[in-house]
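Architecture at a glance
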Amino acid sequence: MVSGKGGTGKTMITAALSSLLKGSLVLADCDVDAANLALVLNPRRIRIDPFMGMKAAVIDPDLCTECGECLEHCRFNAVDRDGEAYLINSSRCEGCAVCTVVCPAEAVSMQSRQTGEIMYSKVAHGHLVHARLMPGSGNSGLLVHAVKKTAMERDGDADLFLVDGPPGTGCPLISSISGMNAVLVVTEPSVSGLHDLKRVIAVCRQFRTKTFVVVNRYDLDPAHTDEIKTYCQEEELPLIATIPFDPAVIDAVRAGIPVTDFGVSPASQAIRLLAEDLEKELIQLGTR
Amino acid sequence: MKLVIASGKGGTGKSMVAANLAFTLAETGQISLVDCDVEEPNLHLFFPAVTTTRDVTLPIPVIDELICDHCGKCGEFCRYGAISVLPNRVLFFPDLCHSCGGCTLVCPKKAIHEEPKRIGTLSVSTPLPGLKLISGMLDTGSPLAVPIIREVKQEAADDSIIILDTAPGTSCPVVEAIEGCDACILVTESTPFGLHDLELAADVTERLGVPAGVIINRSDGKDEETIRFCAEHDLEIMLTIPFSREIAAIQSRGDLLCRVQPEWQKEFRSLFNKCKSLTGAEL
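Residues numbered from 1 in each chain as written. Chains lettered and ligands numbered in written order. Predicted model: local features only at pLDDT ≥ 70, side-chain atom pairs only at ≥ 80, totals over all residues.

When you go through chain A residue by residue, the secondary structure sums to 9 helices and 12 strands. Excluding contacts between residues fewer than 6 apart, the proportion of contacts in chain A whose partners are at least 24 apart in sequence is 74%. (Helix = DSSP H or I, 4+ residues; strand = E, 2+ residues; numbered from the N terminus. Contact = placed C-beta atoms within 7 Å.)

Right, dumping it as structure tokens:
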């Protein structure tokens, strides 16, 4: 599940599909910046592991001769000055190690740091892997990779691997869709929704992954829903579901459960149809 | 004054706030609006205008195979796995390269030089007499957002009132946008998702030492949890915007609330004054 634009309903749909699609299941929340899937799946924690990001530079003040070579060569503005002293700003450091090469005093070393944690939990219909990135840390693409790897190592034999992806088109998104059999793009009917849909589709195309489109809250702007339909036809993208705006969705999130477990509602009905159609499509793809 | 608009969760209304605030202030002042959500920039959709666009590039290595003796030092050094040295040739994977320049430094034969590679674009326009819009756009398929954010911020560096719109999330692209700003508006919605991500975003602004206040958007009146969190963390709720199908429709067709319902301009002016007092500046 990806979207380009944030807040279109990826997590809500992922949670609902996890209880509707058949077979054994492992879920990964790859929106590691702001992981929300656990909030509606009532997970029971099985284990938690530290995530070590890339090694970052550390300057030993006792060895540093304050020559400034590191600051001059760092392309990430990660070397700060505090009076005469030089310090590494670890949130900007990308771990390239150029400073270790240019330092004439061998005062810089590369050190491991924990930049997040990975949780593995039991949920109603399988297992969930989710992560917490220390706010302000880099390497979220690397953490996405680690979350997916954990899911595959622990539940590689599951019938279905569902990934709740991040918004955007950059490093974490690319890391989320790589290696997947199908991508479901969740969009909303607005100028921004359509614009962002086109960009994320362009990325999916580069992966040659089977791509489906879902329009959420389609009735809030029927004219833009029509525009999205036209775009999907032109691009030969299957528009697999349209889901109406429904206050039951927010009520379900507040209750901490998938909307499809919250009783009969228009959104819930639409997502049930989506699950049925998706099941058929996945069989056709040969992945079920 | 650099004012940045962020949110942990996506789709809470950052761009809506940024666009309306800039539109309102541009009636009486000179405003620079900077779109730092370079993966999915949207502000230009609200301000159609003639733009000047240039490429944003990063220097990437080019290896001179005539000089290279395949010693392997560059491949050993590269932390990103972008260079693989085989016995008789060198493989370079440009999408993995972070452009640190390390390979050129470690090559004993000086066989590597750098050439620019396009990763995206920067566009500037003047959609209103008082408004300069600067947008960064990452090329699709290109992973590195941060260098473009750096460049769009630089483009506005000398301007006096700068409003920056960020990507959702809490990692490097968001940090890059927030760092060095005078105040931050955190836009949230009162759901458990909104609140969870507001907590993360508030943690980022606190770590970066940027004073922050909150806007609750699409409020359905059930805001108690968010109000309690803000009170506990000393975050002022500067504006609450109710959910209405009409406001949603204005936004979705690419129009501006403050243009269609000018009475909102008063709210956005007051929001700006609250942001100024966050920074401790004289009103």
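There's more to say after this.
Per the secondary structure count, chain B includes 11 helices and 11 strands. Summarising its shape, the C-alpha atoms of chain B cover approximately 70 × 40 × 40 Å along the three principal directions. Counting only residues that meet the buried cut, chain B has 50% of its 283 residues in that class. In chain B, 74% of the contacts between residues at least 6 apart in sequence involve partners at least 24 apart. (Buried ≥ 20, exposed ≤ 12 C-beta atoms within 10 Å, placed from the backbone.)

Below, the discussion takes up helix H7 (residues 222-234) of chain A. Between the first and last C-alpha of H7(A) there are 18 Å, a value that for 13 residues agrees with the 18 Å anticipated at 1.5 Å per step. Turning to H7(A), its buried residues are A:His224, A:Thr225, A:Ile228 and A:Cys232. End-on view of H7(A): buried residues confined to an arc of 105°, all on one side of the axis. Turned more than 90 degrees away from the buried face of H7(A) sit A:Pro222, A:Ala223, A:Asp226, A:Thr230, A:Gln233 and A:Glu234, all of them exposed. Residues of H7(A) that are buried sit in contact with strand S10 (182-187), helix H6 (191-207), strand S11 (210-216) and strand S12 (239-243) of chain A together with helix H9 (245-252) of chain B. A:Glu236 lies just past H7(A) and shows a positive phi near 55°. (Expected span 1.5 Å × (residues − 1). Arc of directions from axis to C-beta.)

If you check the domain split of chain B, you get domain 1 (2-56 + 121-278) and domain 2 (65-110). Here the C-alpha centre of domain 2 of chain B lies 40 Å away from the C-alpha centre of domain 1 of chain B. (Domains from an automatic or database assignment.)

Our next topic: the packing of helix H1 (residues 10-20) of chain A against helix H9 (residues 266-285) of chain A. Residues and elements named next belong to chain A. It is the contact of H1 with H9, at a shortest axis distance of 10 Å, that shows an interaxial angle of 60°. With respect to each other, H1 and H9 are oriented oblique. Considering how the two elements wind past one another, H1 and H9 form a crossing that is right-handed. Note on element contacts: H9 touches H1 through Ile-271, Arg-272 and Ala-275, opposite Ile-13, Ala-16, Leu-17 and Leu-20. When the residues that make up the contact of H1 with H9 are grouped by side-chain class, the tally is 6 nonpolar, no polar and 1 charged. (Axes fitted to C-alpha atoms, helices over the stretch in contact; angles between N-to-C directions. Parallel < 35°, antiparallel > 145°, perpendicular 65-115°, else oblique. Left-handed = near helix turned anticlockwise from the far one by under 90°. Nonpolar A, V, L, I, M, F, W, Y, C, P; charged D, E, K, R; others polar.)

Across the boundary between the two partners, chain B contributes 48 residues, which contact 50 residues of chain A. Ranked by residue count, the leading element in the side of chain B that touches chain A is helix H7 (residues 192-208) of chain B, at 8 residues. Its residues assigned to classes, the side of chain B that touches chain A comprises 18 nonpolar, 20 polar and 10 charged.

Let us look at the domain arrangement of chain A. In terms of domains, chain A is made up of domain 1 (10-52 + 116-285) and domain 2 (56-112). Domain 1 of chain A and domain 2 of chain A are separated by 40 Å when their C-alpha centres are compared.

Next up on the list: the nonpolar core. With 145 residues, the main nonpolar core has A:Val147, B:Ala22 and B:Ile163 as its most contacted residues. The element best represented in this core is helix H1 (residues 14-25) of chain B, accounting for 8 residues. Apart from residues lying up to four places away in sequence, B:Ala22 is in contact with B:Ile31, B:Leu33, B:Leu131 and B:Ile163. Ranked by size, the runner-up nonpolar core spans 18 residues in total, among them A:Ile59, A:Cys93, A:Ala97 and A:Val108. (Core = buried A, V, L, I, M, F, W, Y, C linked by C-beta atoms within 7 Å.)

Next up on the list: the confidence of the model for chain B. For chain B, per-residue confidence averages 96 on the pLDDT scale, and 99% of positions sit at 70 or higher. Scoring the predicted complex yields pTM 0.94 and, for the interface, ipTM 0.92. (pLDDT = per-residue confidence, 0-100.)

Once that is clear, we can look at the sheet that holds strand S2 (residues 44-52) of chain A. Residues and elements named next belong to chain A. Read from one edge of the open sheet, 5 strands run S2-S7-S8-S1-S9, paired in mixed fashion. Each of the sheet's edge strands pairs with one partner strand only, and the pair in question is S2 and strand S9 (160-164). The average angle at which neighbouring strand axes cross in this sheet is 15°, direction not considered. Bridge analysis of strand S1 (residues 25-29) against S9 gives 5 bridges, and the strand direction is parallel. Looking at S9, one finds that Asp-29 is bridged to Asp-164. Where H1 meets the sheet, it contacts S1 and S9, and its direction lies at approximately 160° from that of S9. Strand contacts of helix H4 (residues 140-155): S1, S2, strand S7 (114-123), strand S8 (126-133) and S9, with the helix running at about 160° to S8, the strand carrying the most contacts. (Pairing = 2+ DSSP bridges.)

Residues and elements named next belong to chain B. Take Thr-52: it is sitting in strand S3 (residues 51-63). With 9 C-beta atoms counted inside 10 Å, the residue Thr-52 sits in the exposed group. Residues Thr-52 and Ser-123, 71 residues apart in the sequence, show an inter-C-alpha distance of 5.4 Å. Dropping the residues within four chain positions of it, Thr-52 is found in contact with Ser-123 and Val-124.

Turning our eyes to something else, we now look at H6(A). Under the 1.5 Å per step criterion, the end-to-end length of H6(A) is 25 Å for 17 residues, consistent within 8% with the ideal 24 Å. Packed against the buried residues of H6(A) are helix H5 (171-177), S10, S11 and H7 of chain A together with H1 and helix H2 (43-46) of chain B. Where H6(A) ends, the next residue or the one after it, A:Arg208, has phi of about 55°, a positive value.

Attention shifts here to the pairing of S12(A). All names here are of chain A. Two elements, S11 and S12, share 4 bridges in a ladder whose sense is parallel. Residue Val-213 lies in a different strand from S12, and its bridge partner there is Leu-239. With H7 bridging S11 and the parallel S12, this β-α-β connection has right-handed handedness. (Right-handed = clockwise from strand over helix to strand, strands pointing away.)

Residue and element names in this part refer to chain B. Closest axis-to-axis distance for the H7/helix H8 (residues 224-232) pair is 10 Å, and the angle between their directions is 15°. On the basis of the axis angle, H7 is roughly parallel to H8. For the pair H7 and H8, the sense of crossing is right-handed. Seen from H7, the contacting residues are Leu-195, Leu-198 and Glu-199; seen from H8, they are Glu-225, Thr-226 and Phe-229. Among the residues making up the contact of H7 with H8, the classes are represented as 3 nonpolar, 1 polar and 2 charged.

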